[in-house]
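Coordinates in review
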Amino acid sequence: MIAQAQTTTPPGGEPLQWMAVSIHQMDPAHENNASANDQPNGISERGAPLASLISQAYNFGIMPMRDDEITGLPGWAKSARYDVDARVAPEDVPAFKKLSGLSTADTIAAFSTRTYTGEMLMEQALLMERFHLKVHWEKGERNVYMLTAAKGGARLKPTESDPNHGSISFSSGRITSKAVPVVFFASILEMPADRKIVDKTGLTGSYDMDLHFSSSNLSANTGDANNNDPDFFTALQEQLGLKLQPAKMEIPILVVDHIDPPTDN
């Protein structure tokens, strides 16, 4: 299944019209100042790569789509960064807060069924209008990791917190989560694993997880002489009872059929 035909109300509610949109290519001298800030009436991003903007609008996961999950971007689109401000009308602010404040449970339901949320549809409309973006989904074979239970089974702590308000944090050598499903945690694991991860654990509950590992070398069977933490792959098995198995698998690929530099504001 690539994407659902959306015949019902999108999660969060129907998409709204943008009242005002400003898009400017970022000065390369300021590329280290990239940021994204949630706004009650819209979105504000500084130095956002175009691939990230596309990922926000089309990706059914919490992490940006990897380079091998988007094809067809021309060279300029891979390197250009943009400052983006988009606002809804004052009377639409309450509805936008509902769109952008989707609960963890509703987000999981939307992503697992590959259903675009109302906010994603608004971001798609922005890209289609200002960049003339046209895309389609197809499947392609990629190198992935399958996340499975290790020998002896998964050792995860079912959460006692509200699963509607889960959270995940990532820092060098540590990933912690509270009240999140394994599929969301797997998405964060893609950062240190440096590969797409497909959840094959079969676990459907929400869990509190804490993973700490040596961040100096993330290759399997290696460690950091100056750090008592094990390497990433070993830590995953020892601390959470999970393991990553290399595999080739067909996954959804977003194909860019057409895109232009943004139109003038």
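Residues numbered from 1 in each chain as written. Predicted model: local features only at pLDDT ≥ 70, side-chain atom pairs only at ≥ 80, totals over all residues. Heavy atoms only, no water.

Below, the discussion takes up the overall build of the protein chain. In terms of regular secondary structure, the protein chain is built from seven helices and 12 strands. Computed over C-alpha atoms, the radius of gyration of the protein chain comes to 20 Å, within 12% of the 18 Å expected from 2.2 N^0.38 for 265 residues, which places it in the range of a compact globule. By its C-alpha atoms, the protein chain is 55 × 40 × 35 Å across when sized along the principal axes. Residues classed as buried in the protein chain amount to 42% of the 265 residues present. (Helix = DSSP H or I, 4+ residues; strand = E, 2+ residues; numbered from the N terminus. Rg over C-alpha atoms; globule rule 2.2 N^0.38 Å. Buried < 20%, exposed > 50% of the residue type's maximum accessible area, 1.4 Å probe, protein only.)

Most peptide bonds adopt trans geometry, and most residues besides glycine take a negative phi value. Of note, the phi angle at His132 is positive, near 55 degrees, even though the residue is not glycine. With respect to the helices, strands and loops of the structure, His132 is situated in the loop between helix 5 (118–131) and strand 6 (134–149). Positive phi is not limited to glycine here, since Ala179 has a value of about 60 degrees. Positionally, Ala179 belongs in strand 9 (residues 174–181).

The subject of this paragraph is the sheet that holds strand 3 (residues 42–49). Across the sheet, which stays open at both edges, the four strands sit in the order 1-5-3-2 with antiparallel pairing between neighbours. Edge strands, defined here as strands with exactly one partner in the open sheet, are strand 1 (20–25) and strand 2 (35–39). Sheet twist, expressed as the average angle between the axes of neighbouring strands with direction ignored, equals 5 degrees. In this structure, strand 1 lies alongside strand 5 (residues 81–87), joined through six bridges in antiparallel fashion. Residue Gln25 lies in a different strand from strand 5, and its bridge partner there is Tyr82. Relative to strand 1, helix 5 is tilted by about 60 degrees, and along the sheet it contacts strand 1, strand 3 and strand 5. (Pairing = 2+ DSSP bridges. Axes fitted to C-alpha atoms, helices over the stretch in contact; angles between N-to-C directions. Contact = heavy atoms within 4.5 Å.)

Before going further, it helps to examine the pairing of strand 9. Examined bridge by bridge, strand 8 (residues 167–171) and strand 9 share five bridges and lie antiparallel to one another. Looking across to strand 9, one finds that Ile168 is bridged to Ser177. The antiparallel hairpin formed by strand 8 and strand 9 contains two residues in its connecting segment, where Gly173 sits at a positive phi of about 85 degrees. Across six bridges, strand 9 lies against strand 11 (residues 206–212) in antiparallel orientation.

Before going further, it helps to spend a moment on helix 5. Residues separated by three or four positions in an α-helix point in the same direction, a consequence of the helix having 3.6 residues per turn. When the terminal C-alpha atoms of helix 5 are compared, their 20 Å separation across 14 residues agrees well with the 20 Å that a helix rising 1.5 Å per residue should span. For helix 5, a buried count of 10 out of 14 residues is recorded, marking the element as mostly surrounded by other parts of the structure. When we look at burial in helix 5, the residues that qualify are Gly118, Glu119, Met120, Met122, Glu123, Gln124, Leu126, Leu127, Arg130 and Phe131. Looking at the buried side of helix 5, the elements it contacts are strand 1, strand 3, helix 1 (50–58), strand 5, helix 3 (93–100) and helix 4 (104–112). Taken from the residues just after helix 5, His132 is the one with a positive phi, measuring 55 degrees. (Expected span 1.5 Å × (residues − 1).)

Another point: the packing of aromatic side chains. Enumeration according to the criterion identifies 10 aromatic pairs in this entry. Residues Phe213 and Phe232 carry aromatic rings whose centres are separated by 5.2 Å and whose planes lie at 70 degrees to one another, so their mutual orientation is edge-to-face. With a gap of 19 residues between them, Phe213 in the loop between strand 11 and helix 7 (232–240) and Phe232 in helix 7 connect regions that are remote in the sequence. With a relative accessible area of 3%, Phe213 lands in the buried category. On the basis of relative accessible area, Phe232 is assigned to the buried category, the value being 0%. Pairing Phe232 with Phe233 gives two aromatic rings, centres 5.2 Å apart and planes at 75 degrees, and the pair type is edge-to-face. (Phe/Tyr/Trp six-rings, centres within 6.5 Å; stacked < 30°, edge-to-face > 60°.)

Turning our eyes to something else, we now look at the environment of Val21. Checked against the element boundaries, Val21 lands in strand 1. Val21 sits 21 residues away from Gly42 along the chain, and the two C-alpha atoms are 9.6 Å apart.

Looking at the secondary structure, you find Asn228 in the loop between strand 11 and helix 7. Between the C-alpha atom of Asn228 and that of Ser214, which follows or precedes it by 14 residues, the distance is 7.6 Å.

Turning our attention to the packing of helix 6 (residues 182–193) against helix 7. The geometry of helix 6 relative to helix 7 is characterised by a closest axis approach of 11 Å and an angle of 150 degrees between their N-to-C directions. Compared by their axis directions, helix 6 and helix 7 come out roughly antiparallel. On helix 7, the residues that touch Phe185, Leu189, Pro192 and Ala193 of helix 6 are Phe232, Leu236 and Leu240. For the contact of helix 6 with helix 7, a count of residues per class yields seven nonpolar, no polar and no charged. (Parallel < 35°, antiparallel > 145°, perpendicular 65-115°, else oblique. Nonpolar A, V, L, I, M, F, W, Y, C, P; charged D, E, K, R; others polar.)

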